[in-house]
Structures are given as structure tokens and as C-alpha cells.
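# Structural features, examined
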Amino acid sequence: MRFKPFLILLIISQSLVAQKPVILSDFIQEVAISDLQLHYLDDPGCSIEAPWLFSGMMDLEFRPVDFSNPDPALLNSKPGSCIWFRFYFDNRSTNQFSFHLQRNLYSEFDEFRLYQKFNNELVTVRKSGNRIHPRSKDVNISGSDDLRIFLPPGENDTLYLRVTLSDESILSSLTFTISTHQSVISKDRSKRLVFGIFVGIMLIMILYHIPLFVKGRENSYLLYILYILAFLFFFINKEGYIYELTPRFTSAPTNIFLLEIFLLFFLLFGRAYLDTRNTLQSWDTILLLAVWFTVGGLCLNFTIMLIQGFGVYIPVFIQLGGMAIMFVSAIGCLFLAIVPAMILTRESFQPARYFLFANLFLILGVAINYALKDYSLGKHSLEFGVTLQILAFSIGLSERINLLKKSKEVAQRRIIDQLRENAALKDKVNRELEDKVQERTFEIQAQKEHIEKQNKEIKYSFDYAKKIQNTVLPRNEVFDNLFGEHFIFFKPRDIVSGDFYWITQNEHRIVLTAADCTGHGVPGSLMSMLGITMLHEIVNEKHITHTEEILNQLRMSIARTLKQEGKIGEQKDGIDMALVIYDTKTRQLEFSGANNPIYIIRNGEMLEYKGNNMPVAYYEKMSDFTRYTLDMKQGDRIYMFTDGFPDQFGGPQGKKFKYRPFKDLLLEISERPMEEQHRILSLIFEEWKGDLSQIDDVLVIGLRL
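Residues numbered from 1 in each chain as written. Predicted model: local features only at pLDDT ≥ 70, side-chain atom pairs only at ≥ 80, totals over all residues. Heavy atoms only, no water.

So, on to a nonpolar patch on the surface. A grouping of Phe 357, Leu 360, Phe 361, Leu 388 and Leu 391 is seen on the molecular surface, where their side chains present a nonpolar patch of about 420 Å² in accessible area. Examining the composition of the nonpolar patch, we find that 3 residues originate from one element, helix H10 (residues 350-371), more than from any other. With respect to the helices and strands, the residue Leu 391 is situated in helix H11 (residues 376-472). (Patch = residues over 30% accessible without salt bridge, like charges linked within 9 Å, V, L, I, M, F, W, Y side chains within 5 Å. Areas by Shrake-Rupley, 256 points an atom, 1.4 Å probe, with all protein chains shown as cover. Salt bridge = Lys/Arg side-chain N within 4 Å of Asp/Glu carboxyl O. Helix = DSSP H or I, 4+ residues; strand = E, 2+ residues; numbered from the N terminus.)

With respect to topology, 5 strands assemble into an open sheet ordered E12-E23-E20-E17-E18, the strand pairing being antiparallel. Strand pairing shows two members of the sheet lacking a second neighbour, strand E12 (486-491) and strand E18 (605-609), which therefore form its edges. Averaged over all pairs of adjacent strands, the angle between their axes in this sheet comes to 15 degrees, without regard to strand direction. Two strands pair when backbone bridges link them, and strand E20 (residues 637-641) and strand E23 (residues 698-704) are joined in this way by 5 bridges, in the antiparallel orientation. Looking at E23, one finds that Met 640 is bridged to Ile 701. Packed onto the sheet, helix H15 (residues 659-669) meets strand E17 (598-602), E18, E20 and E23 and runs at close to 35 degrees relative to E17. (Pairing = 2+ DSSP bridges. Axes fitted to C-alpha atoms, helices over the stretch in contact; angles between N-to-C directions. Contact = heavy atoms within 4.5 Å.)

We now examine the state of the cysteines. A complete count under the given rule lists 1 disulfide for this structure. Bridging Cys 46 to Cys 82, the disulfide has an S-S length of 1.9 Å. Its torsion about the S-S bond being 95 degrees, the disulfide of Cys 46 and Cys 82 is classed as right-handed. Of this pair, Cys 46 sits in the loop between strand E3 (38-43) and helix H2 (50-54) while Cys 82 sits in strand E5 (residues 82-91), and the two are 36 residues apart along the sequence. On the basis of relative accessible area, Cys 46 is assigned to the partly exposed category, the value being 25%. Cys 82 gets classed as buried once you look at its relative accessible area, which sits at 1%. (Disulfide = S-S within 2.5 Å. Buried < 20%, exposed > 50% of the residue type's maximum accessible area, 1.4 Å probe, protein only.)

A few words on the pattern of salt bridges. With the rule as written, the count across this model stands at 24 salt bridges. Here Arg 509 makes a salt bridge to Asp 583, at a shortest N to O gap of 3.8 Å. Taken together, the positions of Arg 509 in strand E14 (residues 509-517) and Asp 583 in strand E15 (residues 575-583) put the pair 74 residues apart, joining distant regions of the chain. In this pair, the class of Arg 509 matches that of Asp 583, namely buried. Through salt bridges with shared partners, one network takes in Arg 103, Lys 137 and Asp 145.

Turning next to the pairing of E17. The buried count for E17 comes to 5 of 5 residues, which makes it a mostly enclosed element. Where burial is concerned, the two faces of E17 agree: the one with Ile 598, Ile 600 and Arg 602 and the one with Tyr 599 and Ile 601 are both buried. Where E17 and E18 come together, 5 bridges link them in antiparallel fashion. Each bridged residue has a counterpart across the sheet, and for Ile 600 the counterpart in E18 is Leu 607. Linking E17 to E18, which pair antiparallel, is a turn of 2 residues; within it Asn 603 sits at a positive phi near 55 degrees. The pairing of E17 with E20 spans 4 bridges and is antiparallel. Paired with Ile 598 across the bridge in E20 is Met 640.

Think of a pair of aromatic rings as described by two things: how far the centres are apart, and how the planes are tilted against each other in angle. Applying the stated criterion across every chain yields a total of 35 aromatic pairs. A ring pair is formed by Phe 62 and Tyr 160, whose centres lie 5.8 Å apart and whose planes are at 45 degrees; its orientation type is tilted. You can see Phe 62 sitting in the loop between H2 and strand E4 (63-64) and its partner Tyr 160 sitting in strand E10 (residues 156-165), a full 98 residues away along the chain. The same class applies to Phe 62 and to Tyr 160, which are both buried. Between the aromatic rings of Phe 487 and Tyr 639, the centroid separation amounts to 6.3 Å while the plane-to-plane angle is 50 degrees, which identifies the pairing as tilted. Taken as a pair, Phe 487 in strand E12 and Tyr 639 in strand E20 lie far apart in primary sequence, 152 residues in all. Here Phe 487 matches Tyr 639 in class, with each residue buried. (Phe/Tyr/Trp six-rings, centres within 6.5 Å; stacked < 30°, edge-to-face > 60°.)

Summarising burial for strand E11 (residues 176-180): 5 of the 5 residues are buried, a large majority. Burial of the side chains of E11 extends over both faces: Phe 176, Ile 178 and Thr 180 are buried on one face and Thr 177 and Ser 179 on the other. Here strand E6 (residues 98-103) pairs with E11 via 5 bridges, running antiparallel. Bridge assignment links His 100 to a residue of E11, and that residue is Ser 179.

Taken as a whole, H15 has its buried residues at Phe 662, Lys 663, Leu 665, Leu 666 and Ile 669. All buried residues of H15 fall inside an arc of 160 degrees around its axis, so they share one side. Away from the buried face of H15 by more than 90 degrees, exposed residues Arg 660 and Glu 668 are located. On its buried face, H15 sits against E17, E18, E20, helix H16 (674-689) and E23. (Arc of directions from axis to C-beta.)

In a beta sheet, neighbouring strands are held together by backbone hydrogen bonds and run either parallel or antiparallel to one another. Pairing is antiparallel in the open sheet, where 5 strands are placed in the order E13-E14-E15-E16-E19. Where the open sheet ends on each side, the last strands, each with one partner, are strand E13 (499-506) and strand E19 (628-631). Direction aside, the axes of adjacent strands within the sheet are offset by 15 degrees on average. Of the strand pairs in this sheet, E15 and strand E16 (residues 588-594) are connected by 6 bridges, and their pairing is antiparallel.

By secondary structure assignment, the location of Leu 258 is in helix H6 (residues 251-274). The spatial distance from the C-alpha of Leu 258 to the C-alpha of Leu 232 is 9.7 Å, given a sequence separation of 26 residues. Excluding anything up to four places from it in sequence, Leu 258 contacts Phe 233, Phe 234 and Asn 237.

Below you can see the structure in the form of C-alpha cells.
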């Protein structure tokens, strides 16, 4: 029994001999863990417990990691499974240091758990990973997944790291690095200093250009500000500072989504800055296509990011499609940013050269970033490139605005010169007119007498036309016999009217319409006479007794009579009307309308039935008219009207009466006798119109069944 602890210690020591130690010293600030310094154990069900490992019972199951030729079993691990890594550290430093265990940037894991057992048998657990809240992470610097290691000088120790794999875990590129805490803090301070300077410059540029945009209302300033903001959000996400406050999102869609926003505002700003709508119209079309292509990629990556946020698996080909759109958008943006600027530079459009230089700064920054990514210059070259680009854009915007001001000043001088020429010409014309005034006074007097005589004749003709039109319109006795209680509020704008109403009876079916012909005065009255004649022919002679058929037939008659074929320059005259047929036996009401509705008030509620949105005439979007068949009840009130009342200007502010107040007015007075309703409508119309002129003929018909 005395030999059992010795045998266990011997087995553990033999197993550790095969694993190279990671040497820590005073002179090494950072050391990469190389081949055979890292062993792993596959744990598909995440069921292995840390005490089993510290007891040594599973040491022989660990296998070495060869970074140059990774084990297939390591590469084929599935998301949701776990892998244990074993580290053996030999601290040869003479001073007390704390160390950071760091994974490389391209290996994403849901969770890290580092287990360390001290001499007092206490096992500490340090956590980090994408799904761990920043406040619960062992180290919270720029959203990193560092884990702290405390190892006294001159001692060695074995630590176990359990990682939980995610969809983004790339084990083929997995590496670990050990850095001293001081070196990590020093690098982070330098990084934050550069970040603060860059963000400060960007904010200064934004604050400087906001008043310029507010003052000048120039869209290029606004898009310039949005472009800077888009890059700031992209840069903050890229540097990982957002993950000091919130758990890490799925990195790829978020980065691509923010980059798509950056590219979108770049295209919009470039289009506004270069004014391609006026300077390069063919390129402007290409830029618009690129904008919509980028918007499509933006929507796709936002959808991927949103769905992955709910834990739903996205097929790889869809994610690759989003990345492909991003790459195409990025390449297209660089091409579209340079070529139009070069063309305009050759055409001596001065601001274009600043745009060209600005984009060359950005391209140079990106190139250096990829070429020297392992050096400090390469890591910050993108920020330097964008800073120079933004400054160049700012200078170019200033020159562009100065050019616009100069062009406006030139245009203003031309206008002033033209006004002066016009004033001189006006003086000359006035002098010539004054010379001719006396000569033509006698002629004017004679013409005045002649015009007064003609006006009397025209007035007589209008009065006679009014008598003819009044003769054609139905008399009140007809309405009294057919409907009983009713009112007709009819107020022509001129002596004769383009609005008309017509009624006829065929056995137990009553046909009634309220119509508004194109125009008013003489042209409108001619159309109204034409409409009444055609209605009489269609209903009383052809015996067509359905509302939609009457309107369809009337439209054909008007188009044929006015020779309407849809050609350019032909007459566009037509009729807006509401047509009803009331069956006194079945108490059913048919309704069809051309741009005009009818209102039915029943039990204190208003029912509105809208007609088709087309006139009774040739129309570019013609279709058959619609027929409504309604069951009517005793006491229902029916209102038919033209647009003269709602469209009349008046009131305190000289605005239109409008349909909503007109409906409320009818609903309010509907319980009163029809004769009183007529009087109220007339008073309100005159009060609303006031001293303003009547703009159109007015017709409102009310019926009580």
C-alpha cells in the first residue's frame, strides 16, 4: 500500500514527460505554444469532469496536437461537443507575474473553462467565450477571451482547458499564446490610444459638418456624415469594444452587415459628391444598380444575423452567398469610386481629384493592413487610410461648395444683367405705349360701346340657354310624385351649368342620376345636354335598366360622339356621375358610379358606396362599371352629389370644405325634414364661401324612402 501513491506519481510524471513544457521566463513577454506542447482529449458529450483529469486517471487518453498535421479526430469535432486541452507550464521567472492564455483571432468558441489546481487542493475555474456575458469573463479587454494564469516563480503546473465548440469554431487554425499581463495591458493602452485619436478625429469631422449641412441643406454633407458614422460603427465592432458591454454576436454576419452599410453610404456619398446625375448620367445608372445590389446584400446579411440570433442554423451556402455579395460590393465600390472620378478629373471637374486621392488613401490603407497585418503599422493602417480619406473628402466638399457658390453668383449676375435689360426695354415700351394711348383712346371708347352691345347679346343668349336647360331638367313635381320627401340643392357657378340631374320611371323602377360634366358654363352645359339626350335614348328607347350597363353604354356613346380614341390631342371631356335605380316593389336599390359615390344614412349611421375610379368617357384604364345591389329600408336617406360643395374654398383660412366635414354635415342634419336640410346646406355653403368666388357648379340631392 505504501507503494501505490508512488506508482501513481510515477505514471503521471511519465505521461508529462512526453508533453513538452511551455517555458515562462523574465525575458519573454509573449510565447506561442508549439507542436507537442499541447495535448487534447475529445469529449463529444461534454461529460468529463475536471477532478477525473487532476486525478491522473485519464492522462493516457490525451493525444498531442501537431499544428502542421492536425489529427482528423480533432478537426471533425461537431458543434456543441467539447474538447479538453492540457498545458504544462514551467515558470522559470524570478519575479511574480500573471499570465494570459490567449487563443488566436480566428478561433471562435461558445465557452472556455480553465481549471487550475493549487497546493491546497483548491481548483479554480476561469471562464470566457462568446456566450459568456462580459461581466462574467475572467478578462474583459476589447471583448477578448483571455484567461488569467497565476503561477509562482520557479514552479511548474498542469492546467486543463475545456472549450465548447460552436458553428464558427475553426480548429484547423487554432493556436494559443501565453503573454504576460503587463504586455497585454501595454498593447491594449497603445491600441486604445490610436482608437481614441481616430474616433476623436471622426467626431470632430462630424460635428464640423453638421452645422454646414443644417445651413446649406446640401445632401452630400449629410451622406458624408452618415458615411463617417457607418465606418465608426464598423471600426468599433472590428476592434471588439462593443463586446466589453454585451455578449459577442455571431461575428461574420455582423461584420459583413456593418461593412455593407459602410459600402452603401460610400456609394450614396460618391454619387452625390460627383453629381453623376448631371455630370455622368450613364455612370449614374450603374451607381444606382450598385446601390440596390448592396441593399440586397444588406437585407440578406441582416436576415442571417437575425435568424442566427435566435439560434437557428443557417446553411453554409447562404452564409457564403452573403459574403460573396459583400466582396462583389466592395470590389464594385472601389471600381465605381475611381473610374467616374478619373473621367471627371480629365474633364476639369476639380472636386473629383480630391475624391480620387481620398479613395487611393483608403485602398493604400487596406493594402498595407493585409500586407503588414503582423506589424503595428499594418494593424493601424486602415485607420490612417480612412482618416486621410475623410480629410480629403472634407477638402473636396469645401471646394465643391465653393464652386457651387461661384456658379450661383455667376447665375445671379446674369439674372441681374437680364433684369436691367428688361427694365430698359420696359421703359422704352412704356414710352411707346404712352404715345399711342391718346391715339387709341377714341378706338377704345368705340370698342367699349361695341363690347357692351355684344355683352348684352351674350347675356340674352345665356339667359335663353338657361331657360332651355331648366326646361330639360326634371321639375320638382316629378320628384314629389316618385319619391315624396326630397330636396335638390342646385347652384350653377355661371348662368348655365355643367352639373345636371335626370330622372325617369319605367314601370316600378325609378332611374335617377346626379352628374358633373367636364367644365362649367357653356361647355359644361353642352355636355350636360348631350348627357341627358343620351340617357333618354339608352333608358327610355333602348330599355337598358341596369346601372352598370347604362354607364357602359353611355361611355360608348360619348366616346363615339366626341370621337375619343385615346389619341394625343383629342377631347378629354367626360362625365362624373352617380346613377341609381330604385325598385319600388322589391325595395332594392342598384348603384353604379363614375368617380362619384352615394351616401345612405340608416339608424344614425352613414354607409358610403364608392363608384369606379374612372369617368364616363374614354379612359386609359377602362373596365366595366361595378353594380351594387342594396336592400333598402323604410326611412333610409339617400344623398347624391357632385364635387362642387366639398371642393369650395372658404372659411377663415380660405381652404376647401372637404369630404369629411361634408359627410359629418349630412349625418348631422339627416333627421331633419328634407326642406329644412336644403335650407341648412344653402346657408352653410354661403357662409363658408364668404367673399370668395364660387369655383364650380354645386349639386346635392337628398331623398327619404
